[in-house]
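# Descriptive structure summary
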Amino acid sequence: MQESVAKQNSDFEAVVEAIQRFTIETPSWGYGNSGTRFKVFPWPGAARNLREKLDDAAQVHQFTGVCPDVAVHIPWDKESDWQAAGEYARQRGVQIGAVNPNLFQENEYRLGSLCHPEQRVRQKAIDHVLECIEIASAVNSRLISLWLADGTNYPGQDDLRRRRHRLLESLQAIYAALPAGMRLLIEYKFFEPAFYSTDLPDWGTSLLMAQKLGPQADVLVDTGHHAQGTNIAQIVAQLLDEDRLGGFHFNDRRYADDDLIVGSQNPFELFCIFNEIVGAQADGNANAGRIAYMIDQSHNIEPKIEAMIQSVMHIQTAYAKALLVDRSALRAAQETGDVLGAYRVLQAAFETDVRPYLAAARTRQGRNPDPIATFRASGYAERVALERASVSVSSGYPGA
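Residues numbered from 1 in each chain as written. Predicted model: local features only at pLDDT ≥ 70, side-chain atom pairs only at ≥ 80, totals over all residues. Heavy atoms only, no water.

From N to C terminus, the protein includes 14 helices and ten strands. A compact globule built from 400 residues should have a C-alpha radius of gyration of about 21 Å, and the protein, at 21 Å, falls within 12% of that. The C-alpha extent of the protein, read off along each of the three principal axes, is 75 × 55 × 40 Å. Here the protein holds 400 residues, and the buried ones make up 54% of them. Considering only residue pairs separated by 6 or more positions, the protein has 78% of its internal contacts joining residues 24 or more positions apart. For the protein, the exposed area adds up to about 18000 Å²; of that, 50% sits on carbon and sulfur atoms. Across the protein, the centroid of the 39 positively charged side chains sits 3 Å from that of the 50 negatively charged ones. (Helix = DSSP H or I, 4+ residues; strand = E, 2+ residues; numbered from the N terminus. Rg over C-alpha atoms; globule rule 2.2 N^0.38 Å. Buried < 20%, exposed > 50% of the residue type's maximum accessible area, 1.4 Å probe, protein only. Contact = heavy atoms within 4.5 Å. Areas by Shrake-Rupley, 256 points an atom, 1.4 Å probe, with all protein chains shown as cover. Lys, Arg positive; Asp, Glu negative; His and termini not counted. Charge placed at Lys NZ, Arg CZ, Asp CG, Glu CD.)

Scanning the entire structure with this criterion turns up 19 aromatic pairs. With centroids separated by 6.3 Å and ring planes inclined at 85 degrees, the aromatic side chains of Trp76 and Phe104 adopt a geometry described as edge-to-face. On the criterion of sequence distance, the pair formed by Trp76 in the loop between β2 (69–74) and α3 (82–91) and Phe104 in the loop between β3 (95–101) and α4 (119–138) is long-range, its members being 28 residues apart. Overall, the relative accessible area of 27% leaves Phe104 in the partly exposed class. (Phe/Tyr/Trp six-rings, centres within 6.5 Å; stacked < 30°, edge-to-face > 60°.)

Let us look at the pairing of strand β6 (residues 183–187). Burial within β6 is extensive, with five of its five residues counted as buried. Alternating positions in β6 separate into two faces, Arg183, Leu185 and Glu187 on one and Leu184 and Ile186 on the other, with burial throughout. Across four bridges, strand β4 (residues 143–146) lies against β6 in parallel orientation. Its bridge partner being in β6, Ser145 is matched across the sheet by Leu185. Bridge count between β6 and strand β8 (residues 217–222): four bridges; the pairing is parallel. (Pairing = 2+ DSSP bridges.)

We now examine the nonpolar core. Core analysis: the largest hydrophobic core is formed by 100 residues, its most contacted members being Leu114, Ile144, Leu171, Leu184, Phe248, Phe274 and Ile277. Per-element tally for this core: the top contributor is helix α9 (residues 304–323), with nine residues. Within the second largest apolar cluster, nine residues are counted, among which are Ala320, Val354, Leu358 and Ala361. (Core = buried A, V, L, I, M, F, W, Y, C linked by side-chain atoms within 4.5 Å.)

One way to put it is that helix α7 (residues 232–241) packs onto helix α8 (residues 267–282) with a least axis distance of 8 Å and a crossing angle of 20 degrees. The angle between α7 and α8 falls in the class roughly parallel. Considering how the two elements wind past one another, α7 and α8 form a crossing that is right-handed. On α8, the residues that touch Ile232, Ala233, Val236, Ala237 and Leu240 of α7 are Glu269, Cys272, Ile273, Glu276, Ile277 and Ala280. Taken together, the residues of the contact of α7 with α8 break down into nine nonpolar, no polar and two charged. (Axes fitted to C-alpha atoms, helices over the stretch in contact; angles between N-to-C directions. Parallel < 35°, antiparallel > 145°, perpendicular 65-115°, else oblique. Left-handed = near helix turned anticlockwise from the far one by under 90°. Nonpolar A, V, L, I, M, F, W, Y, C, P; charged D, E, K, R; others polar.)

This next bit is on the pattern of salt bridges. In this structure the tally under the stated criterion is 27 salt bridges. The shortest N-O distance in the salt bridge between Arg388 and Asp56 comes to 3.0 Å. Of this pair, Arg388 sits in the segment after α14 (380–387) while Asp56 sits in helix α2 (residues 50–64), and the two are 332 residues apart along the sequence. Residues Arg388 and Asp56 agree in their burial class; the two are buried. The salt bridge partner of Arg290 is Asp243, with a shortest N-O separation of 2.7 Å. Here Asp243 lies in the loop between α7 and β9 (245–250) and Arg290 lies in the loop between α8 and β10 (292–295), a separation of 47 residues in the sequence. Each member of the salt-bridge network shares a partner with another, and the members are Glu106, Glu108, Glu118, Arg120 and Lys124. (Salt bridge = Lys/Arg side-chain N within 4 Å of Asp/Glu carboxyl O.)

Let us look at unusual backbone geometry. Cis geometry marks the peptide bond from Ile74 to Pro75; its omega dihedral reads 15 degrees. One can find Pro75 in the loop between β2 and α3. The omega torsion of the bond from Glu192 to Pro193 falls at 5 degrees, within 30 degrees of zero and hence cis. One non-glycine residue, Asn140, adopts positive backbone phi at about 60 degrees. Along the polypeptide, Asn140 turns up in the loop between α4 and β4. Given a relative accessible area of 56%, Asn140 falls into the exposed group. Not every positive phi belongs to a glycine, and Asp243 is a case in point at roughly 60 degrees. By relative accessible area, which is 40% here, Asp243 ends up partly exposed.

Mapped onto the elements, Thr223 comes out in the loop between β8 and α7. Under the relative-accessibility criterion, Thr223 is labelled buried at 5%. Of note is the side chain of Thr223, whose polar atom sits 2.7 Å from the backbone oxygen of Asn251. Setting aside its immediate chain neighbours within four residues, Thr223 contacts Ile232, Phe248, His249, Phe250, Asn251, Arg253 and Ile273. (Polar contact = N/O pair within 3.5 Å; in protein donor to acceptor, adjacent residues only side chain to side chain.)

With respect to the helices and strands, the residue Ser298 is situated in the loop between β10 and α9. A relative accessible area of 7% places Ser298 in the buried class. In terms of polar contacts, Ser298 uses its side chain to reach the side chain of Asp259, at 3.4 Å.

What follows is about the environment of Tyr319. Relative to the helices and strands, Tyr319 is located in helix α9. Along the chain, Tyr319 and Val15 lie 304 residues apart, while their C-alpha atoms are 9.4 Å from each other. Not counting residues within four places of it along the chain, the set of residues in contact with Tyr319 comprises Ala18, Ile19, Phe22, Phe274 and Val278.

Right, here's the structure in full:
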């Protein structure tokens, strides 16, 4: 009995310590007004510029303790003095993280950006990414997060192999400009806005591009960028095995790229993703220790900061449950063909109430166990709603 209690205490301490070390990057665009292709509903106090987005992100970090990095989107967040912007972030207890180029909102990108038939347009897109690399260097970021809207709507619109060749040539020009220590994360999406073909439609295409480029290129998995029924955990397992899992853009969905609060629709899927990562790390997989965990969601009808905190809490919950999986019991069941037994090992961890673990981790960091309740009590949302009400709110979203 004493040995059992001691093991439970040891497991509790190990999980709490792991939770305290685990960090999540939040996106600047999640704090401004955003929405759907049909309508953007303005939210009282939504951030209007990068400084205000950093202020709001600092609130998320203050109340969760695990969100020190803030991704930026260029040109939505463009600044004239990036060193000053980086210093502003540091003064608020956060730092600028991944830099995301925008290759989908210029009129010239109607037929693509890095894959466009015209060299002039491709060079414009390349130059924009090179500018983002310079910004990342100025703020000491080590990540360029690249998503393309490139694709075609109709059969015969363009030569698919030639588009692939243009994409590789463009990426090679970008990769050659990466300084040592900076990584290019290549995101994929199986459709939208193009409908017949997408130039980076799946993890395999992104992986091939990363492998052709070199060791500073990895794959970025957006959990909303998959067809219904896709096993994202299996994709994660294969990328880990290839040493090419660069990071995540976490969100949730019912149908496609819905950008809902992380873990709000399918928490078991999120748990299975973390189960693969924790299992790989237990096996000594080096890639599992250098993954960038980032949120990418567009809050349409919910409060910006509270929704971001809720996503952070759901991610922490899934991670904590994955840490509780009995790896020895799972391996034994797998090796003896005990199908139900193996599933029950995972189910036991998933059904564990990890709120005491999370509460302990937050308390030890000097924070309240309930970040949302504490944020609400702070009065910050009401204050900025009054302060920011006098000026119109802008964002990168059409209709904002």
